[in-house]
Each structure stands twice: as C-alpha cells, then as structure tokens.
Amino acid sequence: REHHEFYNMAALRVAWRFAFRSPQPKAFRHAHTQALHTQSLPNTVTSRVLGRTHTCNRTSTQFFCTTTFLHANNPTLITSITKRHRRKRPRGLGSMPAIKLEELPRINLNMLQNVPGATHLSKRVGRGRGSKKGKTAGRGHKGTGQHGNLPFWFQGGQTPIWRLLPKRGKANPHAVRYIPLNLDVLQDFIERGKISADHPMNLHDLWKAGVVTGSYKQIGRDHWGVKLLSRGSDKFNIKVDIEVQQASKAAIAAIERAGGTIRCKYYNKLGLKALLWPEKFVRIPRIPMPRPRLLRWYANPEHRGVLPVIEEEEEA
C-alpha cells in the first residue's frame with residue numbers, strides 16, 4: 001500500500017511536470033486558453049497529444065483546464081490534473097459581438113457611443129471609510145503632498161537630473177533648413193484643382209493653395225524656403241513652371257522631362273517674408289547675395305540656380 005501511494009505521488013509529480021512545463025502541451029493549453037476567451041467558440045475544447053487528453057471547460061467567470069494521462073505500463077491507471085484559470089474581462093472592440101453592417105439601419109449622430117472600457121467614472125474621495133478613500137482621501141497625513149501640488153520634475157528636494165548633468169553641444173547657427181515638397185504631393189494638388197499649372201507658381205502660390213503649410217512667421221523664421229524632392233518622379237507628367245529655393249537633381253530631371261521649367265531662386269529671411277506677404281511691406285526689400293557656401297550651389301548651372309540682382313542705389 002505504501003509502495004502504491006508512493007507510485008501514485010511520483011506519477012502525479014511526473015504528470016504535473018509534463019503537463020504544465022513541457023513545450024508541446026503548454027502550447028496547446030495556451031491555444032485553448034486564448035480560444036476560450038473568445039465568444040465564438042464552444043464552451044469545451046479537447047485535444048489529444050501523445051496519449052494525453054487536454055480539455056478546457058469555460059464558465060461565466062472562469063474556466064478549468066484538465067489534463068488526463070494514460071500510463072503505458074498500467075493502462076488502468078489514469079492520472080488527471082485540473083488547473084483553474086480566471087477569465088479575462090473583455091475590453092475594447094473585442095468585447096463587442098460580431099455585427100453585419102448590411103443589416104444595420106442608417107447611422108446617425110444619436111447612435112454613436114463609446115467603446116466598452118474606454119470611459120470610467122471618477123473616484124469620489126472623502127466619502128467615508130467604506131470607500132477606502134475617506135478621511136485623508138488617499139493623500140496621507142499632512143505635508144506638501146496633502147496640502148499642495150508639486151511640479152512633475154520635483155525629486156524630493158535633491159538636485160534634479162536636468163540640473164545635475166552638464167550641457168553638451170549647441171545649435172548650429174549656420175544651419176539652413178528647407179520645407180520638403182515631393183512631386184507626388186504637388187501632382188495631387190494640381191489634379192484636385194487646388195492649384196493651377198497654367199501659370200507660373202512660386203512659394204507664395206504654394207502657400208496660399210495649402211501645398212506648403214505653416215504660419216507666415218514660422219516659415220520666415222525657421223526655414224529658408226521650399227526644397228523640391230523626387231518622390232513620385234516616375235509618375236509625374238504635368239507641365240509646370242515652378243520656382244522654389246532648392247531642388248534635387250532627380251526632381252529637376254522629372255520636371256524637365258514632363259516639359260516644364262524650374263528655377264531655384266535664393267531668398268534671405270526678410271525677402272522670404274516679403275514674398276509670402278508683400279502687403280505687410282511698404283517697400284519690397286532688396287535681397288543680398290548668399291553666403292559663400294550657398295553661393296557655390298546657386299552658381300552651378302546644373303542646379304538651375306537664380307541669384308539676386310544687385311541694383312545700384314539711386315542717387316538722392
């Protein structure tokens with residue numbers, strides 16, 4: 001009898017180890033667990049692997065996974081192990097039943113509602129001990145934590161990390177940044193009738209049509225104009241006459257292949273503001289020559305650059 005009980009306990013330990021630690025049954029158990037969380041499958045799922053029977057039964061709030069072993073040496077000896085799992089509460093779109101849109105009536109504004117679990121009621125504090133948020137309302141006893149609000153960076157009075165570490169690097173004062181404009185975006189605006197390709201277009205026309213976004217101050221302060229890029233060059237087939245501040249070689253080739261012309265004209269920050277909103281200026285300011293690094297780029301004929309013309313001042 002003692003030997004038989006020892007044999008049963010040893011078989012139970014071996015069965016438990018192979019049932020819940022071996023890779024193959026664990027994979028099956030995980031698959032059944034995920035399957036039972038859905039509403040479309042039956043309440044019982046059974047699989048048989050290497051002489052083991054794995055069964056999962058689902059209830060309203062939990063489900064039970066049972067693994068049955070048939071011993072090879074003693075077919076009459078059966079070992080069963082049952083493990084209980086709590087069901088996950090459904091949230092989000094997965095908690096909603098399957099709906100056929102063809103069978104629903106026309107959707108109106110009064111039919112809209114939040115997805116289950118997206119909203120929740122706020123916790124009412126200071127309403128007695130039974131709510132677990134009574135008396136001190138979860139703030140503890142005295143001190144700044146209860147009487148006032150602390151900034152998000154406060155670290156208990158010690159030197160905060162953003163003051164402890166030294167500064168590294170600096171902003172490049174000579175950086176030149178452009179607003180990117182790809183050919184596919186330009187073609188899309190032309191095809192939708194937002195901007196016409198029948199007349200020459202520059203940054204002012206692109207900004208008024210919404211091709212280039214940003215406020216007047218933001219464009220004139222942070223950028224040096226528009227740079228035309230070549231995304232969508234293989235499908236671009238519209239003849240346009242466009243003026244930008246810079247352009248890639250592939251974009252220039254695509255514009256000229258479609259029969260159009262392109263000019264890359266230099267503007268400084270003040271001249272760019274005058275181009276965007278000339279009504280703000282009593283007299284349009286003259287544009288100076290670019291700095292040496294930009295001068296070499298605009299002087300190259302492959303870039304279709306246009307340099308400003310320096311006019312002599314009229315004698316008073």
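The structure under discussion appears in the preceding block.
Cut-offs used in this document
Residues numbered from 1 in each chain as written. Predicted model: local features only at pLDDT ≥ 70, side-chain atom pairs only at ≥ 80, totals over all residues. Heavy atoms only, no water. Helix = DSSP H or I, 4+ residues; strand = E, 2+ residues; numbered from the N terminus. Buried < 20%, exposed > 50% of the residue type's maximum accessible area, 1.4 Å probe, protein only. Contact = heavy atoms within 4.5 Å. Areas by Shrake-Rupley, 256 points an atom, 1.4 Å probe, with all protein chains shown as cover. Pairing = 2+ DSSP bridges. Axes fitted to C-alpha atoms, helices over the stretch in contact; angles between N-to-C directions. Core = buried A, V, L, I, M, F, W, Y, C linked by side-chain atoms within 4.5 Å. Salt bridge = Lys/Arg side-chain N within 4 Å of Asp/Glu carboxyl O. Arc of directions from axis to C-beta.

On to the overall build of the protein. For the protein, the count of helices and strands is 10 helices and 10 strands. Looking at the 316 residues of the protein, the share that counts as buried comes to 29%. Contacts in the protein between residues at least 24 apart in sequence constitute 45% of all its contacts with a sequence separation of at least 6. Surface summary for the protein: the accessible area is close to 23300 Å², and the carbon and sulfur share equals 54%.

Our focus in this paragraph is the sheet that holds strand β6 (residues 226-229). One open sheet holds the three strands; their spatial order is β5-β6-β8, and the pairing between them is parallel. Strands at the two margins of the open sheet, each flanked by one partner only, are β5 (179-182) and β8 (246-247). In the sheet, β5 pairs with β6 via four bridges, with the strands oriented parallel. Note on β6: the bridge partner recorded for I179 is V226. Strand contacts of helix α5 (residues 183-191): β5 and β6, with the helix running at about 65° to β5, the strand carrying the most contacts.

Quick look at the nonpolar core now. Judged by nonpolar contacts, the single largest core of 41 residues is most densely connected at L206, L228, V240, I242, V244 and I262. The contacts of V240, once residues within four sequence positions are left out, are I190, A197, M201, I255, G260 and T261.

Residues V226 and L228 of β6 are buried on one face, while the alternating residues K227 and L229, pointing to the opposite face, are not. Where β6 and β8 come together, two bridges link them in parallel fashion. Each residue of the ladder has a partner; that of K227, found in β8, is Q246.

Our focus in this paragraph is the side chain of N268. When you line up the elements, N268 lands in the loop between β9 (261-265) and α9 (269-276). By relative accessible area, N268 is classed as buried at 15%.

Let us look at the pattern of salt bridges. Per the stated rule, a full pass over the model turns up seven salt bridges. The closest approach of N and O atoms between R192 and D188, which form a salt bridge, is 3.2 Å. Look at D188 and you get partly exposed, because its relative accessible area is 35%. Among the ionic pairs, E302 bridges to K249, the shortest N-O distance being 3.8 Å. Taken together, the residues E302 in the loop between α10 (292-299) and β10 (305-306) and K249 in helix α8 (residues 249-257) connect sequence positions 53 residues apart. According to the relative accessible area criterion, K249 is exposed, its value standing at 57%. Residues joined in a network through salt bridges with shared partners are D241, E243 and R263.

Working definition: the strands of a sheet are paired by backbone hydrogen bonds and lie parallel or antiparallel to each other. Pairing in this open sheet of three strands is parallel, and the strands run β7-β9-β10 from one edge to the other. This sheet does not close on itself; its edge strands, each paired only once, are β7 (241-244) and β10.

Those residues of α10 lying buried are L294, W297 and Y298. For α10, the arc enclosing every buried residue in end-on projection is 95°, short of the 170-degree limit, so these residues lie on one face. Among the exposed residues of α10, those oriented more than 90 degrees off its buried face are P292, R296 and A299. As for α10, its buried residues are in contact with β8, β9 and β10.

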